[in-house]
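# Working through the structure, step by step
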Amino acid sequence: MAAPLDDMFSRCVDPGKILNSVEVRFIDKVKGKGLFAKKPFKKGEAIFTERPLVSAQFLWNALYKYRACEYCMRALETAEENARRLSGMPALILPHQELCKVQPELHHTCPHCQVIYCSSECRQAAWDQYHQVLCLGPSHNDPDHPINKLQDAWRSVHYPPETSSIMLMARMVATVKQGQLASLRTLFTTALYDDHVSEWFTPDGFRALFALVGTNGQGIGTSSLSQWVHACDALALPHQQREQLDAFIDQLYKDIDKETGDFLNCEGSGLYLLQSSCNHSCVPNAEASFPDNNFLLHLSALRDIVPGEEICISYLDCCQRDRSRHSRHKILRENYLFVCSCQKCTSQVDDPDVTSEDEEEGEGDTEGDDMEDEMTDV
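What counts and how
- Residues numbered from 1 in each chain as written.
- Predicted model: local features only at pLDDT ≥ 70, side-chain atom pairs only at ≥ 80, totals over all residues.
- Heavy atoms only, no water.
- Helix = DSSP H or I, 4+ residues; strand = E, 2+ residues; numbered from the N terminus.
- Buried < 20%, exposed > 50% of the residue type's maximum accessible area, 1.4 Å probe, protein only.
- Contact = heavy atoms within 4.5 Å.
- Areas by Shrake-Rupley, 256 points an atom, 1.4 Å probe, with all protein chains shown as cover.
- 1 Å grid on protein atoms, 1.4 Å probe; cavity = no way out; pocket = protein on both sides within 12 Å on 5 of 7 lines; lining within 4 Å.
- Points joined across faces, edges and corners; volume = space filled by probe spheres on them.
- Nonpolar A, V, L, I, M, F, W, Y, C, P; charged D, E, K, R; others polar.
- Pairing = 2+ DSSP bridges.
- Axes fitted to C-alpha atoms, helices over the stretch in contact; angles between N-to-C directions.
- Salt bridge = Lys/Arg side-chain N within 4 Å of Asp/Glu carboxyl O.
- pLDDT = per-residue confidence, 0-100.

It is worth spelling out the overall build of the protein chain at this point. Scanning the protein chain from N- to C-terminus turns up 16 helices and 12 strands. Across the 378 residues that make up the protein chain, the buried fraction comes to 41%. Excluding contacts between residues fewer than 6 apart, the proportion of contacts in the protein chain whose partners are at least 24 apart in sequence is 68%. Surface summary for the protein chain: the accessible area is close to 20,700 Å², and the carbon and sulfur share equals 54%.

Right under this line is the structure:
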């Protein structure tokens, strides 16, 4: 297995460049492995970019017409099409449409099953990596096809919001307890069995594969509208035009929130070799983002990082990180099954283990202020 894994790693990252910058080390039996800097990084500097070993759009997300490239998850709607659908305003016209980077003329479909790709390169990459096996051909709308039955079975036990948090793992455990994992494995085997990977189709092998996805999956979000908004923010405009554009975008997000709520992006998850080695901290020194509107993960420094320092991300959002130690620990225990011992948590060890009503109310008070940031932070 070493050679195929090495080949997959070389396709996901630039091994020479990356391994001269960071290294994975074993820390202890509690934390397991961690990612450490081998060179200094300045605040805002890219630590690495990484392609996933494998990724996929969430099934409900795709069912609700969030159109994404079947391979790289690039959003396929133009920014205007995206804004119209999310706001429920079919006549909406976006200014500065030249800032939208979606190019529908480059889109390609699989000639056999009609799934859509953002380019011929993605179509070929998918075909070379996995689509020869998964292509449904003329049976793509056949509810009795084994892969369609497998997808239906998954959706029936995994409702939105779709996530790779511990709640997904909890539902996996419930699936095992209720005997549903066995039926999923049967469907999985019927659809995909091959002698070369037969160990993955045994009960233990399938559980291990299930757990791998649940514990190491990184959420991916792409949005042509978000990319357009960021491009608008970077425009150099006269003061009055800037105020008009900002007011238009503010109103657009209010309309979208009223019509659609929080489900704004093409969403899925992927397995990343290096990113999965990053541990959590309530004061992270790095963060992952997807600025290219596809599955390419960018890990960037949030502050200066010195050689030998562990590179940590946060499993909590900005609002959650501002809450009390007790509240943060509650979220992490419920969703990730560990107790954080980062610098911030250690310094607050004597704080009262109480979540005050003021904190709960304060979180609600800031929700509106943070709405646009959360919507555009892809």
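Moving on, we come to empty space enclosed by the protein. Per the stated rule, a full pass over the model turns up 3 cavities of 30 Å³ or more. When its volume is computed, the largest cavity comes out at roughly 60 Å³. Lining the largest cavity are Pro52, Leu53, Val54, Ser55, Tyr71, Gln129, Tyr130 and Phe295. Taken together, the elements giving at least two residues each to the lining of the largest cavity come down to β4 (54-57) and α5 (120-134). For the lining of the largest cavity, the residue count by class is 6 nonpolar, 2 polar and no charged.

Further remarks concern the sheet that holds β4. Strand order in the open sheet formed by 3 strands is β4-β8-β7, and the pairing between neighbours is antiparallel. Each of the sheet's edge strands pairs with one partner strand only, and the pair in question is β4 and β7 (217-222). Mean inter-strand twist for the sheet, computed between neighbouring axes without regard to direction, equals 25°. Of the pairings in the sheet, the one linking β7 to strand β8 (residues 266-271) comprises 6 bridges and is antiparallel in character. Paired with Gly221 across the strands is Glu267, a residue of β8.

Here the focus is the pattern of salt bridges. Applying the stated criterion to the full structure yields 8 salt bridges. The residue Glu80 makes a salt bridge to Arg84 at a minimum N-O spacing of 3.2 Å. Taken together, the residues Glu80 and Arg84, both in helix α4 (residues 79-87) and 4 residues apart, mark about one turn of the helix. Here Arg84 falls in the partly exposed class, since its relative accessible area comes to 27%. For Glu309, the salt bridge goes to Arg303, with nearest N and O atoms at 2.6 Å. Taking relative accessible area as the criterion, Glu309 reaches 18% and is therefore assigned buried. Judged by its relative accessible area of 37%, Arg303 is partly exposed.

A sheet is described by the order of its strands in space; here 3 strands give the open sequence β3-β11-β10, paired in antiparallel fashion. This sheet does not close on itself; its edge strands, each paired only once, are β3 (46-50) and β10 (286-289). Averaged over all neighbouring strand pairs, the angle between strand axes comes to 15°, with direction disregarded. Looking at chain direction, β10 and strand β11 (residues 297-301) are connected through 4 bridges and run antiparallel. The residue of β11 that forms the bridge with Ala288 is Leu299.

Now for the confidence of the model for the protein chain. Across the protein chain, the average pLDDT comes to 82, with 80% of residues at or above 70. Note that residues 1-9 has pLDDT below 50 and, in this model, 5 contacts with residues that lie over four places away or in other chains. Every residue in residues 361-377 is under pLDDT 50, and counting partners more than four places away or in other chains gives 19 contacts.

Moving on, we get to the side chain of Thr78. In this structure, Thr78 sits in the loop between α3 (59-63) and α4. Sequence-distant contacts of Thr78, that is, excluding residues within four places in its chain, are made with Cys100, Val102, Pro104 and Ser224.

For Leu299, the position within the fold is in strand β11. On the basis of relative accessible area, Leu299 is assigned to the buried category, the value being 0%. Setting aside residues no more than four positions away along its own chain, Leu299 makes contact with Glu45, Ala46, Ile47, Phe48, Cys278, Ala286, Glu287, Ala288, Ile311 and Ile313.

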